[in-house]
Amino acid sequence: MEAMVNGIPVHYAEHGTGTPVLALHGGGVDHREIMGALEPLFAGRPGYRRVYPDLPGMGHTPAPEMVDGADAVLDTLLVLVDDVIGQETFLVVGHSYGGYLARAIANRRPGQVAGLALICSLVGEQGGGDERPEHVILYAAGDLDVDGALEPAMAAEFRNYLVVQTPETLRRFQETVAPGVALTDQAAAERIAARWQLRTAPEQAPAYPNPTLILAGRQDATVGYAGVWRLLEHYPRATFAVLDRAGHGLVHEQVGLVTALMAEWLDRVREDAAGA
């Protein structure tokens, strides 16, 4: 599907009906990674309309020169919300860079965003000095033929992304990560990355009052795990979990825990709505 937003054709996938859930992927991939992580959760949970956009410069959404940083990306998403979701109450989920943008959306529109879920969120200004663990491979299946399954550059991406390397994480990488990597507009990505910080930090607002879930990978060498802890006071309804055996690809490495914690978050949001 496609929505014209400020002259930009924003591509998105949509599944289901009911309460809208806006799910934002991380940098250098497309909507397929976050969609692949979340759709099994919703398979047995009717009543949710899941909207998965490709961020500008990734997937099938172009990034013209006017998209010159995070603020332009955020503005694009806010207009997309107005066009595709309207005034309905909705939920926001974000992974990595998508988590940073999700925090901004939730804090700008706390009366409309009924719940926020963050997975390995880029922290931003507050976490700029955080130490991040070195990338490690905690487990690699002995019979895993990465080089036979992926071309060399993508095989290196796999090895540098996953701390648990099994036939299952390789399959998920092949199906939901690698296709988006190939579609990324590198020039646009570099232009946006040069101004990746929002002019106004997401948490420069009153505390976000609605049910929140914050997940971090203990072995995440990309954004670390300590920075998001300092955000906790801003989210008084947050469940916070740091998962072992998980790096920045936590959604692929701890599928059971992610599904259980996301399900519990949805239950808290639904409980709040019922009590309103």
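In what follows, the accompanying structure is described. Fair warning: this is a prediction, and the values are worked out from it, not measured in the lab.

Remarks on the overall build of the chain
Move 1: Broken down by element type, the chain carries 9 helices and 10 strands.
Move 2: In terms of overall size, the chain behaves like a compact globule, its C-alpha atoms giving a radius of gyration of 18 Å where 276 residues would be expected to give roughly 19 Å.
Move 3: Judged by the C-alpha coordinates and their principal axes, the chain covers about 55 × 40 × 40 Å.
Move 4: Counting over 276 residues, the chain shows a buried share of 56%.
Move 5: Taking contacts inside the chain between residues at least 6 apart in sequence as the whole, the part at least 24 apart equals 78%.
Move 6: Of the roughly 11,400 Å² of accessible surface on the chain, a fraction of 53% belongs to carbon and sulfur atoms.
Move 7: Averaging the positions of the 20 positive and the 35 negative side-chain charges in the chain gives two centres separated by 4 Å.

Remarks on unusual backbone geometry
Move 1: The phi torsion at Asn-6 lies on the positive side, around 50°, for a residue other than glycine.
Move 2: Within the secondary structure, Asn-6 is located in the loop between strand S1 (2–5) and strand S2 (8–15).
Move 3: Positive phi, normally seen in glycine, also occurs at Ser-96, with a value near 60°.
Move 4: As for its position among the elements, Ser-96 is in the loop between strand S5 (90–95) and helix H3 (97–108).

Some remarks on the pattern of salt bridges
Move 1: Per the stated rule, a full pass over the model turns up 15 salt bridges.
Move 2: One salt bridge in this structure joins Glu-203 and Arg-103, with 2.8 Å as the shortest N-O distance. Here Glu-203, found in the loop between helix H7 (186–193) and strand S9 (212–217), pairs with Arg-103, found in helix H3; they are 100 residues apart in sequence, far enough to count as distant.
Move 3: We classify Arg-103 as buried; its relative accessible area is 0%.
Move 4: Its salt-bridge partner being Asp-267, residue Arg-270 comes within 3.0 Å of it at the nearest N-O pair. Here Arg-270 and its partner Asp-267 are both found in helix H9 (residues 255–275), 3 residues apart, which amounts to about one turn of the helix.
Move 5: Judged by relative accessible area, which is 51%, Arg-270 ranks as exposed.

Description of the packing of aromatic side chains
Move 1: A complete count under the given rule lists 5 aromatic pairs for this structure.
Move 2: Judged by centre distance (5.3 Å) and plane angle (55°), the rings of Phe-42 and Tyr-48 are tilted.
Move 3: What makes Tyr-48 buried here is its relative accessible area of 9%.

Parameters and conventions
Residues numbered from 1 in each chain as written. Predicted model: local features only at pLDDT ≥ 70, side-chain atom pairs only at ≥ 80, totals over all residues. Heavy atoms only, no water. Helix = DSSP H or I, 4+ residues; strand = E, 2+ residues; numbered from the N terminus. Rg over C-alpha atoms; globule rule 2.2 N^0.38 Å. Buried < 20%, exposed > 50% of the residue type's maximum accessible area, 1.4 Å probe, protein only. Contact = heavy atoms within 4.5 Å. Areas by Shrake-Rupley, 256 points an atom, 1.4 Å probe, with all protein chains shown as cover. Lys, Arg positive; Asp, Glu negative; His and termini not counted. Charge placed at Lys NZ, Arg CZ, Asp CG, Glu CD. Salt bridge = Lys/Arg side-chain N within 4 Å of Asp/Glu carboxyl O. Phe/Tyr/Trp six-rings, centres within 6.5 Å; stacked < 30°, edge-to-face > 60°.

This is a description of form; function is not addressed.
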